Amino acid sequence: MARHPVPDLLPGTLDLLILRTLHTDSLHGWAISERIQHISQDVLQINQGSLYPALHRLEHQGWIEADWRVSELGRRAKYYRLTTTGRRQLAVEAREWERMSMAIGRVMKLA
Amino acid sequence: MNVRDVLLRLRALVARRRVERELDDELAFHVERETHKQLADGLSRTDARARALARFGSVSLAADQCRDVRGVGLVDTVARDIRYACRTFQRAPLAALTVVLTVALGLGLVSVVFELYSTLFLRVDAVRSPQELFAVERLTGPGEDARPSFTRADYDAMRRETHVFGDAIAILRPVQTRIEGRRVTSALVTGNFFEMLGVQAAIGRPLMPRDDDRSGGRPVIVLSHFAWSRLFASDPNVIGREVRLNDLPFEIVGVMPEGFRGLGIASPDYWAPLALAGHFRESYAGREDSIAVEVVGRLTSVLSPEAATAGLTIWASRRLEDGKLPARPVAIKLNPSQGTLSTDTMRALIGFSPLFVAFGLILMIGCANVANLRLARGVSRQREIGVRLALGASRWRIMGQLLTEDLLLALAAAAAGLAASRLFFRGALYAATTIVPPELFAVDLARFTASVDWRVVMFLLCGGVVSTMVFGLAPASQATRLELVRTMRGEVTKDPRPDRARHALIAVQAGGAALLLIGAIIFLRGALAAATVDPGVRTTDTVLVPIGNEARRLALIQAVATHPSVATVAASSPPIRAVAEASVSDGAAAGPPAPIVRRGTVDYMAVSPEYFDVLGIDVVRGRGFTPQERTVDAGVVVVGESVARRLWSGGDALGHVLRLSADRSSNSPEPDATPLQSRSFIVVGVVRDVGGGLRFPDLFTFRGVYVPTSRESAGTSLTLRVRGGDTEQARQALVERLSSVDPSLGGIITMKALAGVQMYILRFAFWLTVVLGVLALVLTVSGLFSILSYVIEQRSREIGVRMALGATASHVVRLMLSQSLRPVGIGILAGGGLAAILAMVLTSASSEIASVVHALDPVAYAASGIVIAAVCLLGASVPALRAARIDPIATLRKD
């Protein structure tokens, strides 16, 4: 197993991915990483050790909030969901990402 | 940083264990969920768990990163630093204790001064919006002192006719009475007093406007918290109780809260309606309108103090006085009235600066000791710090560690300083009351006791932090600047200039001690000199009885004259300035007016015939007054020698004519005195000039003219000569007897106590400076001792080498002594020089200081220098002699 499954993940993109994943419903940490991996068809594998500091940081920034619920295993787990400010932040970051990727895409096609 | 962030951090701090458990649970859940997934993929339980853990990476690392996010790591670091600091203190408890006690001693002393300062100038009274309160004062003339010279009628008119203030109150204070035989002081106030100040009673009710009805107030009083606890033992059932004041029953209707002082520095015992002033002093009865009161107004409107002053000036200048307009515009001044002496903090600070400096010197000397100790400790901790640096600790971590130690010491020192300041305050109060006769104090000192409030606590905390930090920072930063490799090898890196810093500190200490001890000796010699000065009047067996209540005069004179301990009773009025015209006469007063030979101003006082005898004023020529000459109408005067010399050439005044008329050019010092009718007197006697030996108080100096009066005439006070040896006992007996005649009588004082004021002040100053000076000296010597011991320990190898090379024991002792005593000598010289400069500045600023003490007294300078040098020599010789006993073989073998 690679220690750095996403070696070239741009700085800040982990936050974007987490926020986007939480866009539709509230999930616990493991589910977040699973979903990112699944949707990206195993291209993006989140370093699970760095996922939690990122979640806690986002929580401190007020973009996501957490509560404890009973999970599918029948055990209590910490579920994260987007806050209103988080939603706004997601929109900003998504737009920015869109702009970035389009710009890079153009350069790759034409240069 | 947003609200949620703060809340989360706070939660992490408060519910620490819970947050930790949640973090563990969260991470454990992840691993378990991953394990579950791997199990579903068909792995065995152990393999699944191993793979899950491997995918996750280090759980504890992730947990640490999560902790970093919530910023609890800092708390952990601080907690660890504190634990570490406590271990350090445990390892060297004596060093820590020395630091704490030394700083606490200095802090305690400085905070006593601060408490006093805070009590006088910072402790604003507990009333609503005190910054809106202004005392209205009338300036008596351009450049003259403001004095409250409004009458009750003025106050009523001001309230009626102006709208400058939201509301205004009038206060009459202090009024002395007795409750159950104990002297109490009160303030008579208008009915809106408490309402305007916005203060509620702690128990019962405050005074109301209806209590102060002008047609006759209600006999009710409101107690202050001080009086409630002192006189009524904090009895909650005191409301409704009746007390007798001047033989009239008054009902207690309320007790005010603690901390409310009624716009004064010290709280009175009770407040009563101003309308009842006539009950408290008979002289007020029937003339309530002309009682002089303090007026305080609340400026709630949009008016600035300047605009309010202007408005009141116009009002006062237009106001009719005795049916006519005032001759010149009345100048009005508004002074902030917040229950402190003055709101001018700058001037107050300057006035207090000598005390702050004197007490601060001790703190500084103590801190110098601490700094020296820490410099020394820093060197001995080099190895420990070197190891930590080598293991990768950052310099900031180690600085933070050392500063945490300082901060802990500072907190301990501040707490101990608080205890010390209470002790010192008691001591100073005890000294003041034992040195100075209590009757000399205008206020009961117990009432005045400064209380510890948040200002004092803040002062102590800041002082503790500043003094330990400033003196800990330099050693801390020095301690972390190490040559790692050499330190690790166990070599002590020699700091570049340790001796110079230490020597400078010792010099500063010796200088401070010299400054204080010189002051002490100057004050002592001043006090001794003042004790032997002849006040010029007989003070051994004379007692002064002022009469404040003219209505009780006859009864008082009767009581005094028949008292068994009283031998003679004399009366005298205060001196008044008058214009004198001297002429030479043949003795026939009725003849045509003789030509005036000289004109001038003189002071005159009215005295009864017994006066010269009671006070032992010798009649040089002629005679004193006869018992029949009891009024000015007798037409005779007695003059002092200097007046005689001034007005008649040759000083032969006897039998000549002196014409006295009122001096209109100056303000009469006693506004109540009856104006002098212009008339001629025949000089019947010449007496010795009185006083002049003492500068303070200047009560006894009188070189003027005496006119006859009697004990019965108003405005005079009584001077008694008592029988038997014990004047103080006689005074107490008189206080006992006379207060039953006039309960408001106060200020019975022996002339001896009055004459001793200068001596008492100097004696108090002596005790203050001598205690401080000895403390400074003890701290200096203990510092010297510990530093020298430390230096000798550090240099034992060098000393061993010297001795091995042939130095004798006396060489070594001399070397050690000369090296450590040189800074002491420099310090003494600097301290002496500073004292001399200070003395010259002070004496040139005020000639009174020069007349009270001899500020450049060579004896003081020499004696304090010798004392300090001798004590330091003694202190230094112990470790120096120990150095001489170093065995060179043993020290050389150590390497």
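Owing to the predicted nature of the structure, the values given are computational and were not obtained by experimental measurement. (Residues numbered from 1 in each chain as written. Chains lettered and ligands numbered in written order. Predicted model: local features only at pLDDT ≥ 70, side-chain atom pairs only at ≥ 80, totals over all residues. Heavy atoms only, no water.)

A. Fine view of the pairing of strand β22 (residues 717–722) of chain B. Residues and elements named next belong to chain B. Counting buried positions along β22 gives six out of six residues, so the element sits mostly inside the fold. Residues Ser717, Thr719 and Arg721 line one face of β22 and the alternating positions Leu718, Leu720 and Val722 line the opposite face, and both faces are buried. Relative to β22, strand β13 (residues 542–545) is paired through four bridges, and the arrangement is antiparallel. The partner of Val545 across the bridge, within β22, is Leu718. (Buried < 20%, exposed > 50% of the residue type's maximum accessible area, 1.4 Å probe, protein only. Helix = DSSP H or I, 4+ residues; strand = E, 2+ residues; numbered from the N terminus. Pairing = 2+ DSSP bridges.)

B. Region of the structure containing the interface of chain A and chain B. The interface is formed by 31 residues belonging to chain A together with 25 residues belonging to chain B. Together chain A and chain B conceal approximately 2700 Å² of surface at their shared face, both sides included; 58% is due to carbon and sulfur atoms. Joining chain A to chain B, the criterion identifies four salt bridges. Joining chain A to chain B, the criterion identifies nine residue pairs in polar contact (both at pLDDT 80 or more). (Contact = heavy atoms within 4.5 Å. Buried area = accessible area lost by both parts, 1.4 Å probe. Salt bridge = Lys/Arg side-chain N within 4 Å of Asp/Glu carboxyl O. Polar contact = N/O pair within 3.5 Å; in protein donor to acceptor, adjacent residues only side chain to side chain.)

C. Summary view of the nonpolar core. Residues and elements named next belong to chain B. In terms of nonpolar packing, the biggest core is built from 106 residues, with Tyr611, Phe612, Tyr706, Val824 and Ile868 touching the most fellow members. Sort the elements by how many residues they give to this core and helix α24 (residues 757–794) lands first, with 14 residues. In contact with Tyr611, other than residues within four places in its own chain, are Ala570, Ala571, Ser572, Met605, Ile617, Tyr706 and Thr719. Judged by nonpolar contacts, the second largest core, of 45 residues, contains Val136, Leu274, Val293 and Ile332. (Core = buried A, V, L, I, M, F, W, Y, C linked by side-chain atoms within 4.5 Å.)

D. Highlighting the packing of helix α19 (residues 553–561) of chain B against helix α22 (residues 727–741) of chain B. All names here are of chain B. α22 packs onto α19 with a crossing angle of 150 degrees between their chain directions and a minimal axis gap of 10 Å. Put simply, α19 runs roughly antiparallel to α22. As for the relative orientation of α19 and α22, their crossing is right-handed in sense. Along the contact surface, α19 presents Ala555, Leu556, Ala559 and Val560, while α22 presents Arg737, Leu738 and Val741. Partitioned by chemical class, the residues of the contact of α19 with α22 number six nonpolar, no polar and one charged. (Axes fitted to C-alpha atoms, helices over the stretch in contact; angles between N-to-C directions. Parallel < 35°, antiparallel > 145°, perpendicular 65-115°, else oblique. Left-handed = near helix turned anticlockwise from the far one by under 90°. Nonpolar A, V, L, I, M, F, W, Y, C, P; charged D, E, K, R; others polar.)

E. Quick look at the pattern of salt bridges. All names here are of chain B. Across all of its chains, the model carries 37 salt bridges over all chains by this definition. Two residues, Arg538 and Asp541, come together in a salt bridge whose shortest N-O distance is 2.9 Å. Accessibility expressed as a relative area gives 12% for Asp541, which makes it buried. Arg630 is the partner of Glu712 in a salt bridge, and the nearest nitrogen-oxygen pair spans 3.3 Å. Placement of Glu712 in the loop between β21 (705–708) and β22 and of Arg630 in the loop between β17 (619–622) and β18 (636–640) is noted, with a sequence separation of 82 residues between them. Accessibility expressed as a relative area gives 36% for Glu712, which makes it partly exposed.

F. Molecular detail of the environment of His60(A). If you trace the backbone, His60(A) turns up in helix α3 (residues 48–61). Judged by relative accessible area, which is 9%, His60(A) ranks as buried. If near-sequence neighbours (up to four positions away) are discounted, His60(A) is found in contact with Asn2(B), Asp5(B), Leu8(B), Arg9(B), Val69(B) and Arg70(B).

G. Quick look at the confidence of the model for chain B. All names here are of chain B. Overall, the predicted model of chain B reaches an average pLDDT of 82, with 88% of residues at or above 70. Mean pLDDT values over the elements of chain B span from 46, in strand β2 (residues 146–147), up to 93, in strand β7 (residues 220–223). Every residue in residues 143–148 scores below 50 in pLDDT, and together they form 13 contacts with partners more than four places removed in sequence or on other chains. Long-range and interchain partners of residues 666–673, a stretch whose pLDDT sits below 50, account for five contacts in this model, where long-range means more than four residues apart. Our summary of model confidence lists the complex with pTM equal to 0.72 and ipTM equal to 0.88. (pLDDT = per-residue confidence, 0-100.)

H. Representation of unusual backbone geometry within the structure. Cis geometry is adopted by the peptide bond preceding Pro174(B), which originates at Arg173(B) and carries an omega value of -10 degrees. Within the secondary structure, Pro174(B) sits in strand β4 (residues 167–179). Even without glycine at this site, Gln41(A) takes up a positive phi of about 55 degrees. Following the sequence through the fold, Gln41(A) ends up in the loop between α2 (29–39) and α3. The class of Gln41(A) is exposed, set by a relative accessible area of 67%.

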